[in-house]
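For reference, the chains in residue letters:
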Amino acid sequence: MGAVRVVADQIGTPTAARSVAEAIWQVIENPAIRGTHHWTDAGVASWYDFAVAIAEEAAQLGLLSGGAAVTPIATEEYPSAARRPAYSVLDKGTLTSLGFVPVHWRTACAAS
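Read on for an overview of the structure. (Residues numbered from 1 in each chain as written. Predicted model: local features only at pLDDT ≥ 70, side-chain atom pairs only at ≥ 80, totals over all residues. Heavy atoms only, no water.)

Brief notes about the packing of aromatic side chains
As enumerated under the stated definition, the model contains three aromatic pairs in all. The interplanar angle of 55° and the centroid separation of 6.4 Å between the aromatic rings of W47 and F50 together place this pair among those described as tilted. Taken together, the residues span about one helical turn, with W47 and F50 both in helix α2 (residues 47–60) at a distance of three residues. Centre to centre, the rings of F50 and W105 are 5.9 Å apart; their planes meet at 80°, and the pair counts as edge-to-face. With F50 in helix α2 and W105 in helix α4 (residues 105–111), this pair connects stretches of sequence that are 55 residues apart. W105 sits in the buried class, given a relative accessible area of 6%. Three or more aromatic residues joined by ring pairs make a cluster, and in this case those are W47, F50 and W105. (Phe/Tyr/Trp six-rings, centres within 6.5 Å; stacked < 30°, edge-to-face > 60°. Helix = DSSP H or I, 4+ residues; strand = E, 2+ residues; numbered from the N terminus. Buried < 20%, exposed > 50% of the residue type's maximum accessible area, 1.4 Å probe, protein only.)

As structure tokens, this is what we get:
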């Protein structure tokens, strides 16, 4: 069984490439949409939450024998030259107001 330590105090929204591609196609097909917009899957998660979800999906698919130990740590415990925000969830309100519907990141993760 493998073990990994993952930051648990940085929150964002994991987003599947397929979700971004589908949103881009919707924008391309609607020439009235102008400007800069953000898009992510729905929900929020820490990097730790995301790692746990990946480990669970891998176990269900038989890719991990015996599972994986995922341990939450604080940002201070992970050495990095880059400063990361504690909360980096993007506002996708302009596109959802136009009828775009995001899937939950966990659903997208399971479908990948």
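Moving on, there is more to tell.
Digging into the pattern of salt bridges
Considering all chains together, one arrives at three salt bridges under this definition. As a salt-bridge pair, E56 and R106 come within 2.3 Å of each other at their nearest N and O atoms. Linking E56 in helix α2 with R106 in helix α4, this pair joins segments that are 50 residues apart in sequence. What makes E56 partly exposed here is its relative accessible area of 38%. (Salt bridge = Lys/Arg side-chain N within 4 Å of Asp/Glu carboxyl O.)

With respect to α2
Between the first and last C-alpha of α2 there are 20 Å, a value that for 14 residues agrees with the 20 Å anticipated at 1.5 Å per step. All buried positions along α2 are accounted for by A51, A53, A55, E57 and A58. (Expected span 1.5 Å × (residues − 1).)

Some remarks on the nonpolar core
In summary, soluble globular proteins display a tendency toward joint burial of nonpolar side chains. Membership of the largest hydrophobic core is limited to five residues, which are A23, I33, W39, L95 and F100. Contacts of I33, omitting those with residues within four sequence positions, involve V27, L95, L98 and F100. (Core = buried A, V, L, I, M, F, W, Y, C linked by side-chain atoms within 4.5 Å. Contact = heavy atoms within 4.5 Å.)

Some details on the side chain of Q10
Tracing the sequence through the fold places Q10 in the loop between β1 (2–7) and β2 (11–12). At 3.1 Å, the side chain of Q10 forms a polar contact with the side chain of T75. When sequence neighbours within four positions are dropped, the list of residues in contact with Q10 reads A45, S46, W47, T75, R84, P85 and A86. (Polar contact = N/O pair within 3.5 Å; in protein donor to acceptor, adjacent residues only side chain to side chain.)

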